[in-house]
Amino acid sequence: HPNTDGCSLLFLGFVASVQSITRGELFPFGPSARDQLLEAGNDLTRRLQLDKPVLFYDGTFDSIFINTNGFVATAEPTGESTYLGNMPPKFGMIAALQGDLDTSDGVGKVFFRQDSSPDVLFRAAQYINGAFPEDDEVNPTNAVVITWVDVATHEPPSRGDGIDKKRNTFQLVIASLETASYAIVLYARDGMQFSSTPIQGRSAVMHTGFSKGLVQGFLFSSPGPYYRTSTDDEASIRALAEETNSGHRGIWVYEIGTSPYFTNVAPGEVTDLPSEATPQAPTERDDEETDVLNQLAIPTTFSPCFSMFSVFSYKLGTCANNRNKCSQFADCKDHSSGYCCNCRPGFYGNGIQCVAEGKPQRMNGKVYGKVYVGDSASPVEFTSNDLHSYVVVNDGRSYVAISDIPNTIGPSLLPLSALGGVIGWAFALEQPGFRNGFSIIGGEFTRQAEVTFLPGNEKLTIRQEFKGIDEHDHLVVSTTLEGQVPEVPLGSTVKIGPYSEVYQYSNNLITSSSTRVYEVSLPDGSTATRTYQWRQTITFQSCQHGESLRDMKPTQMLSVDQVFVLYNPNNALIRFAMSNKIGDINGQPEENPCFTGRHGCDTNAVCRPGEGNQFTCECAAGFNGDGRTCYDIDECRENPQICGSHAICNNQPGTFRCECEDGYQFGNDGQTCVEVYRPVDACEEGTHNCDIPERAQCSYTGGSAYICSCLPGFIGDGRVCQDIDECQPGRCHQDAVCYNTQGSFTCQCRPGYNGDGFSCFPERTKTRCQNHRDSIQGATVSGPRGPRPPLGQFVPTCDENGGYKPTQCHGSTGYCWCVDRNGQEIHGTRIGPGSGPMCIEHGGVSPPVGPTTRPDVNPLPQGTHLLFAQSGRIDHIPLEGYDMKKDGAKAVLHLPEKVIIGVAYDCVEKMVYWTEITSPSISKASIQGGEPTAVIRSDLDSPEGIAIDHLGRTMFWTDSVRDHIEVASLDGSQRRVIIDSDLVNPRAIITDPPNGNLYWADWNRDAPKIETSYMDGSNRRVLVKDDLGLPNGLTYDSQSSLLCWADAGTHKMECTHPGQGDRRMVMEGLQYPFGITSFGKNIYYTDWRRDAVVAVDRHSGKESDEFQPQKRTKIYGIATAYAQCPSGQNYCAVNNGGCIHLCLATPNGRSCKCPSNAVAVGCVERDSGY
């Protein structure tokens, strides 16, 4: 082959880059691109879970929400009435072209997909790098493509079919790498027909831009930044298809998020448009060809050459910036308007892909689609069937095999030898002055063939996407078959005679058509001659530089003979073989063996023609020998350093391939191995810059990122934390002294008082039993093992209330007897050693119900505890740091025959609140001692979840029979239902008092969901609804702002930041979680199957401990009893927020509400609250 110029055809995109893009030049979209389709309608949303996260402003998002109204959100969008005409929204929004849009007429559609294919990523990189020419080159690793096609405005129903509606078509591509995300927005000149939409009776100009949404402040939320890229003038919308910031009309590029630091959205920097001068020797596509491409919706692929004026221009299109885009067997050449890749002597192709002359070529791929056979009502489906092909290039012989073909269709595919015919054309034996397909267009192109069988008129479409050469030097193809073929019975054979086909070559388009004849020999011995009409279109991209275009023949003829087709039903394999030559349409035969293929050269050799019938055989590049026999050269052995440092050389037939060692990857030049960036968990390795562990917590957030946050009791940015003096008035009991400590404080009762400092009680006089016991124990004598009571002396035992135990025993003699409440022996009850009397409790009275009737006896120890409910009791587990002190666990409250479901804790009054369903009620008791008190007994059916607002002094609960959420003051008064619709099985509920938010879960098996609202019930919205099963438990950690849940259906524990819409799994494999709470780095949950409380480290996602109570029954709700209240305030914390009745916090203030019995208490609500 001569030195082949990769710029053999005029680049199609030139005109588009100057005039504006058309919808045919958008990134590929629709069913052919394997897009998903958003449901038809108005204001519909679909959540897309991302394989790799998107960075937006300073946030990281693992999912996005695609909406009909021309935007993508980072959190579940609120209803359109909240943002249409009222921008910016409360949620994060990427507005490609936002307005009140509609697809319910069946014409408009919204397509979307994730895409990490090289074509899409390469094209995205060209746009980004072209828009930021002064920045370092970026290479995205993943993309999301969203296309709004023919969307119309949303209008009230009217008569007519809507044919005359104006429609818009536009596209958003979010391209990301680990440290940044970019938005590429494409506006087609033929897809911008309106610039405003009707909203509430008026016309509102559409919006484009980037809004962060609400940003959480210390006390309230406020609108975050909104980078608007259009104005309220309709001309700014019309200009989107006419202007640019990327150098290409109608294409706009923005940097929308970076990590670890972010300042603001950055627009592309190239606002000048290229000259509209015509390039040298332009060849315009005629209207017919343009129509064909538009009808086929052929996706744009990439040119091997780049112009300073083309839509693919890249840093002025010079070899200095793009040398690594060429094949390793090509040279880069600069032209006046760009650069070009040319295969070196001994190789051929388009410069982007070059292969050695004479070397056999292989092709691998997959087959997909649905084909009906004859009159069958159900199709045969192809689901990733393997396709393999092999071509002996120096004689043009090609072989194709497709596997897993069922016998219901195998024989009927035998006439379609052209399934593999395209590779025969690509590597056909070339006649003098003619060139096969690969030498012209390389290995990236799309082939679509329409087959019509006669006389039955069955139609089959064959679509093949050729994706270039892979790392094994094999051509890669994806084939899709759709349609119908006439039936050929099993056991038949098919014979196809020689045929020829004329190929017409023009700009980026190759067409051919022919009629094929084949003969079917049926199992009964009869034969039938059949025909089909064949029409194919091959589309590709080339560049407009170079001179080889002038030498290319406008028509060439492919001659095919020695066609062999066979179907083997035993191994479900179909095979095709044929010989292919490309030459003159007049068919003048060439006698030289190099052109007939009958030369006897090695399959790895090139046949060089001489005078007359003379020729020589020359081994292909990478082989040694005389041409008749060729041997592979082992380049790796001959030059061990050929791949450079940190690389491994792999020898392959005719060539070699370099691979980087473990821990290394190819750099931007595609050749040098550089060390792989490995994420570092600085928290685990101790290389973070957070304050010391006694004051701050380091939280790993993925990659090499982490967050520093001060521990409770400290304030600061996490890198520097200062102690908070918690000794404010009212922290401790009035009869106690407060001592501030690092990160905490202690309360100590004054002399003469007993208690833990939060509750102090005057010291009490000893009981008769205690005096009796202490007087004897005080009269000690010395012994070898220390002081002890006098030998033989009886020491009485006292019960927990200080009274005499009914049974008393002498420690020395072993005798036991019964006593009355005054400690006097009851006559006739004394029994000798070895057995004990059956003594009756004094007065036959059962012990009191409650923590204790003596508040100064066994108060709950100081510190943070877990409270959890079992049937008939509430237990506690002390926490030491984040670890459970299991040996200190015990019952706090005995409630016989009660089924307790929910547990909550009021950190102000040290009260535990619980719900129970046997006699539906809500009750409370002090954990320091005292009797349980019923707070609410009426108008309850099945109270389950319960939560406390310790600042506003209110409690919230769910009722799963009444299907509502209710609030009341902590004393049970001021009751009000705040949510009473669209609930089926509400259970878990939690509060975020400082931010005025309420969260709850509904485990409705048909549609489980997690919702939120303000504490007054307003601004209700769904946070999570996908991939849920039985979300039983919820918890909110104010330090990390994480909302976490345990799901007994999916058996997962997951978390989200409610304001960001992200979602990550903490742990999977849970058995049957019920309740959940959190403290610091740990999440604690109760499990019905394990009858246990389980601790999970949410940073590592691993279980760290388990506690199983002695009483093995189902464990229900669980709550954290804090040693001190979490920091934070809300508007209801002081003077009831100025409200007379209910004060309910919101993020930016509070609502004053009347209780349900408003008339009885003389309460009237007004817009301002009262």
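Please read these numbers as outputs of a predicted model, since none were measured by experiment.

Summarising the element assignment, Ser236 is placed in helix H3 (residues 234-238). Side-chain polar atoms of Ser236 contact the backbone nitrogen of Thr231, separated by 3.1 Å. Residues in contact with Ser236, not counting those within four places in the same chain, are Ser230 and Thr231.

What UniProt calls "domain: EGF-like" (unreviewed entry) maps, in this numbering, to residues 590-631, 632-674, 679-722 and 723-759. With 0% helix and 43% strand, the stretch residues 723-759 has end C-alpha atoms that lie 25 Å from each other.

A word on the state of the cysteines. As enumerated under the stated definition, the model contains 21 disulfides in all. Two residues share a disulfide in this structure: Cys326 and Cys341, whose sulfurs sit 2.0 Å from each other. Torsion about the S-S bond of the Cys326 and Cys341 cystine: about -70 degrees, corresponding to left-handed handedness. Here Cys326, found in the loop between helix H5 (319-322) and strand E20 (330-335), pairs with Cys341, found in strand E21 (residues 338-343); they are 15 residues apart in sequence, far enough to count as distant. Comparing Cys326 with Cys341, the two get one shared label, buried. Through a disulfide, Cys660 is tied to Cys673; the S-S separation comes to 2.2 Å.

Among the structural elements, Asp662 can be located in the loop between strand E42 (655-660) and strand E43 (664-666). As a C-alpha pair, Asp662 and Ile648 span 14 residues in sequence and 9.9 Å in three-dimensional space.

Here the focus is the pattern of salt bridges. Under the definition given, this model contains 32 salt bridges. Two residues, Arg113 and Asp115, come together in a salt bridge whose shortest N-O distance is 2.9 Å. Classification of Asp115 as buried rests on a relative accessible area of 13%. Between Arg1090 and Glu1106 there is a salt bridge whose closest N-O contact spans 2.8 Å. Placement of Arg1090 in the loop between strand E76 (1082-1087) and strand E77 (1092-1097) and of Glu1106 in strand E78 (residues 1102-1107) is noted, with a sequence separation of 16 residues between them. Taken together, the shared-partner salt bridges connect Asp982, Lys1009, Glu1011 and Arg1020 into one network.

Right, let's talk about the packing of aromatic side chains for a bit. Per the stated rule, a full pass over the model turns up 28 aromatic pairs. Residues Phe453 and Tyr532 carry aromatic rings whose centres are separated by 5.4 Å and whose planes lie at 55 degrees to one another, so their mutual orientation is tilted. Highlighted residues: Phe453 in strand E28 (residues 444-454) and Tyr532 in strand E34 (residues 527-539), separated in sequence by 79 residues. Look at Phe453 and you get buried, because its relative accessible area is 1%. The exposure class assigned to Tyr532 is buried, which follows from its relative accessible area of 2%. Here the aromatic rings of Tyr518 and Tyr532 are separated by 5.8 Å at their centres, their planes lie at 45 degrees, and the arrangement is tilted. With a gap of 14 residues between them, Tyr518 in strand E33 (residues 509-521) and Tyr532 in strand E34 connect regions that are remote in the sequence.

Rules and cut-offs
- Residues numbered from 1 in each chain as written.
- Predicted model: local features only at pLDDT ≥ 70, side-chain atom pairs only at ≥ 80, totals over all residues.
- Heavy atoms only, no water.
- Helix = DSSP H or I, 4+ residues; strand = E, 2+ residues; numbered from the N terminus.
- Polar contact = N/O pair within 3.5 Å; in protein donor to acceptor, adjacent residues only side chain to side chain.
- Contact = heavy atoms within 4.5 Å.
- UniProt positions renumbered as here; feature names shortened; annotations may be inferred.
- Disulfide = S-S within 2.5 Å.
- Buried < 20%, exposed > 50% of the residue type's maximum accessible area, 1.4 Å probe, protein only.
- Salt bridge = Lys/Arg side-chain N within 4 Å of Asp/Glu carboxyl O.
- Phe/Tyr/Trp six-rings, centres within 6.5 Å; stacked < 30°, edge-to-face > 60°.

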